[in-house]
Amino acid sequence: MVLQQIFSENTIIMNLESESKDELFHEMVQKIVDACPAVDRKEALESLFSREEKMTTGIVYQVAIPHGVMDSIDTACGAVGISKKGIEYGSLDGNAVHYVFMFLFSADDNSGHLKALKELSCLLQKPDFTRKLSDASSPKEVLSLLRDTE
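A.B. asks: Please provide a residue-by-residue account of the packing of helix H2 (residues 21-35) against helix H3 (residues 41-54), values included.
C.D. replies: At their nearest, the axes of H2 and H3 sit 10 Å apart, and the two run at 140 degrees to each other. Considered as vectors, H2 and H3 are oriented oblique to each other. Here the hand of the crossing between H2 and H3 comes out right-handed. Where H2 approaches H3, its residues Lys21, Asp22, Phe25, His26, Val29, Gln30 and Val33 are matched on the opposing element by Arg41, Ala44, Leu45, Leu48, Phe49 and Glu52.

A.B. asks: Can you lay out the side chain of Ser18 for me, pointing to particular residues and giving the numbers?
C.D. replies: Mapped onto the elements of the fold, Ser18 is located in the loop between strand E1 (12-13) and H2. There is a polar contact of 3.2 Å between the side chain of Ser18 and the backbone oxygen of Glu23. Every residue in contact with Ser18, bar those within four places of it in the chain, is listed here: Glu23, Leu24, Glu27, Lys85 and Ile87.

A.B. asks: Tell me what's going on with the nonpolar core, and back it up with residues and numbers.
C.D. replies: Formed by 25 residues in total, the largest nonpolar core has its most connected members in Leu3, Phe7, Phe101, Phe103, Leu133, Val142 and Leu146. The next biggest cluster of nonpolar side chains, apart from the first, holds 23 residues, and it includes Met28, Ile32, Leu48 and Val97.

A.B. asks: Just give me the short version of unusual backbone geometry, but keep the residues and values in it.
C.D. replies: Residue Gln62 is not a glycine yet carries a positive backbone phi of 65 degrees. Structurally, Gln62 is set in the loop between H3 and strand E2 (63-64).

A.B. asks: Give me the lowdown on a nonpolar patch on the surface, citing residues and values where you can.
C.D. replies: Together, Met55, Val60, Tyr61 and Leu92 line one region of the surface with nonpolar side chains, adding up to about 450 Å² of accessible area. In this structure, Tyr61 sits in the loop between H3 and E2. Residue classification places Tyr61 among the exposed positions, given a relative accessible area of 67%.

A.B. asks: Report on H3, specifying residues and quantitative values.
C.D. replies: In this model, H3 (14 residues) spans 21 Å end to end at C-alpha, consistent with the 20 Å of a helix rising 1.5 Å per residue. Among all positions in H3, only Ala44, Leu45, Ser47, Leu48 and Glu52 are buried. End-on, the buried residues of H3 take up no more than an arc of 160 degrees, which puts them together on one face. Away from its buried face by more than 90 degrees, H3 exposes Lys42, Glu53 and Lys54. Contact partners of the buried residues in H3: H2, strand E3 (67-70) and strand E5 (97-106). The opening residue of H3, the one whose side-chain oxygen lies 3.3 Å from the backbone nitrogen of Lys42, is Asp40.

A.B. asks: Can you explain the pattern of salt bridges? Please cite residues and give values.
C.D. replies: Per the stated rule, a full pass over the model turns up four salt bridges. We note a salt bridge from Lys21 to Glu52, for which the minimum N-O separation is 3.0 Å. Taken as a pair, Lys21 in helix H2 and Glu52 in helix H3 lie far apart in primary sequence, 31 residues in all. Here Lys21 matches Glu52 in class, with each residue buried. Among the ionic pairs, Arg131 bridges to Asp128, the shortest N-O distance being 3.7 Å. Residue classification places Asp128 among the partly exposed positions, given a relative accessible area of 38%. Connected through salt bridges with shared partners, the residues Asp128, Arg131 and Asp135 form a single ionic network.

Rules used throughout
Counting of residues starts from 1 at the beginning of each chain's written sequence and follows it residue by residue. Only residues with pLDDT of at least 70 get local features here, since the model is predicted, and only at 80 or more are side-chain atom pairs given and counted; chain-wide, interface and lining totals rely on the full set of residues. Hydrogens and waters are ignored; side-chain quantities use all the structure's heavy atoms. Every axis in this analysis is a line fitted to C-alpha atoms, fitted for helices over the stretch in contact. Angles between the N-to-C directions lie between 0 and 180 degrees. Where helices and strands are cited, they refer to DSSP runs of H or I of at least four residues and of E of at least two residues respectively, numbered from the N terminus. For classification, angles of less than 35 degrees are called roughly parallel, those exceeding 145 degrees roughly antiparallel, those between 65 and 115 degrees roughly perpendicular, and all remaining angles oblique. In this scheme the crossing of two helices becomes right-handed for a clockwise turn of the near helix relative to the far one and left-handed for an anticlockwise turn of less than a right angle. Every residue pair with non-hydrogen atoms within 4.5 Å of one another is taken to be in contact. Under this definition, polar contacts are N or O atom pairs within 3.5 Å; protein pairs additionally need one hydrogen-donor-capable and one acceptor-capable atom, and for neighbouring residues in sequence, both atoms have to be side-chain atoms. By convention a nonpolar core is built from buried Ala, Val, Leu, Ile, Met, Phe, Trp, Tyr and Cys residues, the set being connected through side-chain atoms within 4.5 Å. Each residue is placed in one exposure class: buried if its accessible area under a 1.4 Å probe, protein chains only, is under 20% of its type's maximum, exposed if it is over 50%, and partly exposed if it falls in between. Here a patch means residues that are over 30% exposed by relative accessible area and free of salt bridges, tied together within 9 Å if like-charged and within 5 Å if nonpolar (Val, Leu, Ile, Met, Phe, Trp, Tyr). The Shrake-Rupley method, run with a 1.4 Å probe, gives the accessible areas here. Residue values count only the displayed protein chains as cover. A pairing counts as a salt bridge when a side-chain nitrogen of Lys or Arg comes within 4 Å of a carboxyl oxygen of Asp or Glu. Residue count minus one, scaled by 1.5 Å, sets the expected span of a helix. The directions considered for the arc are those from the helix axis to the C-beta atoms.

Geometry only, nothing functional implied.
Structure, rendered in structure tokens:
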């Protein structure tokens with residue numbers, strides 16, 4: 001239930017155009033800003049890049065989970081992106097990223113931050129989750145997959 005409150009059809013990108021991590025952050029943050037005008041684009045990007053400097057958020061199995069904390073928002077928001085060609089990301093396993101779950105969290109909501117990351121982690125451990133994500137043909141299908149798997 002947590003992820004369905006963070007992602008919406010308006011923040012799901014079925015065919016990411018980005019080829020690098022920098023481009024990806026800009027493309028996905030713009031999608032979030034378009035859907036959630038309260039999000040300050042510059043602050044969001046600074047937060048994401050600052051977090052990324054500590055350690056890559058490109059985990060394994062072609063997945064990245066960039067996330068940042070912002071003072072100017074009161075509720076979490078995020079975007080999901082799918083790349084057919086893959087994005088060079090500097091992931092822990094060295095592989096290109098195909099599935100991106102980007103989160104922006106309120107600085108005042110540490111428990112929500114942890115809850116969302118834990119929920120996503122559980123989903124990613126489901127055997128066919130990323131295959132089904134890749135097979136989805138619309139943002140609505142992605143949301144249905146999140147709902148049904150969550």
